[in-house]
Amino acid sequence: DPVLEVRDLVKHYPVRNGLFRRSVAAVKAVDGVSLRLDRGRTLGLVGESGSGKSTLARVLVGIEKPTSGQVLVDGEDVLHLSRAGRKQLRRDVQMVFQDPYTSLNPRMSVTEIVGEPFAIHGIDPAGGRRAAVGELLELVGLDPDHANRYPHQFSGGQRQRVGIARALALRPKILVCDEPVSALDVSVQGQVINLLEDLQAELGLSYLFVAHDLGVVRHIAHDVAVMYLGRIVELGPEGDVYDAA
Ligand code: ADP
Ligand code: ADP
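Everything numeric in this text was worked out from a predicted model, so none of it was measured.

Colleague: Where do I start with the site of ligand 1 in this structure?
Modeller: The local shell around ligand 1 consists of Tyr-13, Val-27, Ala-29, Glu-48, Ser-49, Gly-50, Ser-51, Gly-52, Lys-53, Ser-54, Thr-55 and Arg-58. Between ligand 1 and Lys-53 there is a distance of 2.8 Å, counted from an oxygen atom to a side-chain nitrogen or oxygen. In this structure, an oxygen atom belonging to ligand 1 sits 2.7 Å away from a side-chain N or O atom of Ser-54. In the complex, the protein chains occlude 61% of the 560 Å² of accessible area that ligand 1 would expose alone. Within the residue set of the shell around ligand 1, elements represented by two or more residues are strand E2 (23–38) and helix H1 (53–60). Of the residues in the shell around ligand 1, the class split is three nonpolar, six polar and three charged.

Structure below.
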């Protein structure tokens, strides 16, 4: 049962001519991508730098508008929604960013960072925001007593846990994880991967897991899609694609 379906997705960026300031060509960052993600599963998306992975990820979380194509979340075409529908999508699909050193605001405490989605969406969770933040921190293996600390007081792995807690605040169905461990020490990469696997089992989450090579994806992904020059050039169960790549 697919929680996410992408059909013929295209995203072209105009290339501006410096002298005449008009579009002369397009970078076909995503050039006709179709894929599906089943509920509770992980689809690894691998490909070399510039193959279009981040562009696809940004379209899926609604940061970027596609040129054409369809994105269905729970069977609903999320690109042609009302304002309210788009707002709901922003809750259903959340992103875990690559680098927790740059993606967490250094001037905000962990309470503020993890609780920000509640503030943005005007949500008052039962029991209050502070308690909800504490629960989220526990969920990702952080001490709720450290909620008043700032990002610089945490290690890289702990910061990524904060990023994951924030992504979970609105109880999403899908996490788009954009190279969530590649900025971390090798020694903590496995811990964060294990955490993501535990959360998937506990919360029934579905992951699109972006990585530039198969190494990390091999451990977490059920299926793997290989992207090259904006297209999916291979797609299949993890073992099959691993052998071929
Ligand atoms: P990846 O995540 O696989 O490294 P990207 O999605 O970042 O790939 O990039 C795909 C292509 O789109 C590259 O050629 C890149 O230069 C181009 N691109 C990405 N973002 C933009 C942008 N904002 N404006 C113009 N071109 C972009
Ligand atoms: P409740 O709904 O009473 O909070 P649950 O059993 O649904 O109890 O959740 C248990 C814990 O897991 C709570 O801390 C809750 O915030 C958290 N939780 C449950 N589902 C999700 C989800 N999809 N995303 C993030 N946190 C969740």
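Colleague: Is there a simple way to explain unusual backbone geometry in this structure?
Modeller: Of note, Arg-171 is a non-glycine position whose phi angle comes to about 55 degrees, a positive value. Tracing the backbone shows Arg-171 in the loop between helix H6 (156–168) and strand E7 (174–178). Classification of Arg-171 as exposed rests on a relative accessible area of 72%. Backbone geometry at Leu-229 places phi at a positive 50 degrees, although glycine is not the residue there. Tracing the sequence through the fold places Leu-229 in the loop between strand E9 (223–228) and strand E10 (231–237). According to the relative accessible area criterion, Leu-229 is exposed, its value standing at 57%.

Colleague: It is not clear to me how a positive patch on the surface should be interpreted in this structure. Could you clarify?
Modeller: Residues Lys-65, Arg-83, Arg-86, Lys-87 and Arg-90 make up a contiguous surface patch of positive charge. Inspection of the secondary structure puts Lys-65 in the loop between H1 and strand E4 (68–73).

Colleague: It is not clear to me how the environment of Ser-68 should be interpreted in this structure. Could you clarify?
Modeller: Looking at where Ser-68 falls in the secondary structure, it is placed in strand E4. Among the residues examined, Ser-68 registers a relative accessible area of 35% and is labelled partly exposed. Ser-68 sits 23 residues away from Leu-45 along the chain, and the two C-alpha atoms are 20 Å apart. If near-sequence neighbours (up to four positions away) are discounted, Ser-68 is found in contact with Asp-8, Leu-9 and Val-10.

Colleague: I'm lost on the environment of Leu-139 in this one. Help?
Modeller: On the secondary structure map, Leu-139 appears in helix H5 (residues 129–139). Each C-alpha atom of the pair Leu-139 and Val-73 lies 25 Å from the other, and the pair is 66 residues apart in sequence. The contacts of Leu-139, once residues within four sequence positions are left out, are Leu-168, Leu-195, Leu-199, Glu-202 and Leu-203.

Colleague: Mind showing me how you'd approach the sheet that holds strand E8 (residues 206–211) here?
Modeller: Through backbone hydrogen bonds, the strands of a sheet pair up, either in parallel or in antiparallel fashion. In spatial order, the strands read E6-E7-E8-E3-E9-E10; together these six strands make up an open sheet with mixed pairing. Here the strands that pair on one side only, and so sit at the sheet edges, are strand E6 (93–96) and E10. Taking the axes of each pair of neighbouring strands and ignoring which way they run, one obtains an average angle of 20 degrees across the sheet. Relative to the sheet, helix H7 (residues 186–203) contacts strand E3 (42–46) and E8, its axis offset from that of E8 by approximately 160 degrees.

Colleague: I keep staring at the site of ligand 2 and nothing clicks. Help me out?
Modeller: What surrounds ligand 2 is the set Glu-135, Leu-136, Leu-139, Leu-168, Arg-171 and Leu-203. Within the side chain of Glu-135, one N or O atom sits 2.7 Å away from an oxygen atom of ligand 2. Within the side chain of Arg-171, an N or O atom sits 3.1 Å from an oxygen atom of ligand 2. Protein chains shield 53% of the accessible area of ligand 2, which is 520 Å² for the free molecule.

Each value, and the rule that gives it
Residues numbered from 1 in each chain as written. Chains lettered and ligands numbered in written order. Predicted model: local features only at pLDDT ≥ 70, side-chain atom pairs only at ≥ 80, totals over all residues. Heavy atoms only, no water. Near = heavy atom within 4 Å. Polar contact = N/O pair within 3.5 Å; in protein donor to acceptor, adjacent residues only side chain to side chain. Areas by Shrake-Rupley, 256 points an atom, 1.4 Å probe, with all protein chains shown as cover. Helix = DSSP H or I, 4+ residues; strand = E, 2+ residues; numbered from the N terminus. Nonpolar A, V, L, I, M, F, W, Y, C, P; charged D, E, K, R; others polar. Buried < 20%, exposed > 50% of the residue type's maximum accessible area, 1.4 Å probe, protein only. Patch = residues over 30% accessible without salt bridge, like charges linked within 9 Å, V, L, I, M, F, W, Y side chains within 5 Å. Salt bridge = Lys/Arg side-chain N within 4 Å of Asp/Glu carboxyl O. Lys, Arg positive; Asp, Glu negative; His and termini not counted. Charge placed at Lys NZ, Arg CZ, Asp CG, Glu CD. Contact = heavy atoms within 4.5 Å. Pairing = 2+ DSSP bridges. Axes fitted to C-alpha atoms, helices over the stretch in contact; angles between N-to-C directions.

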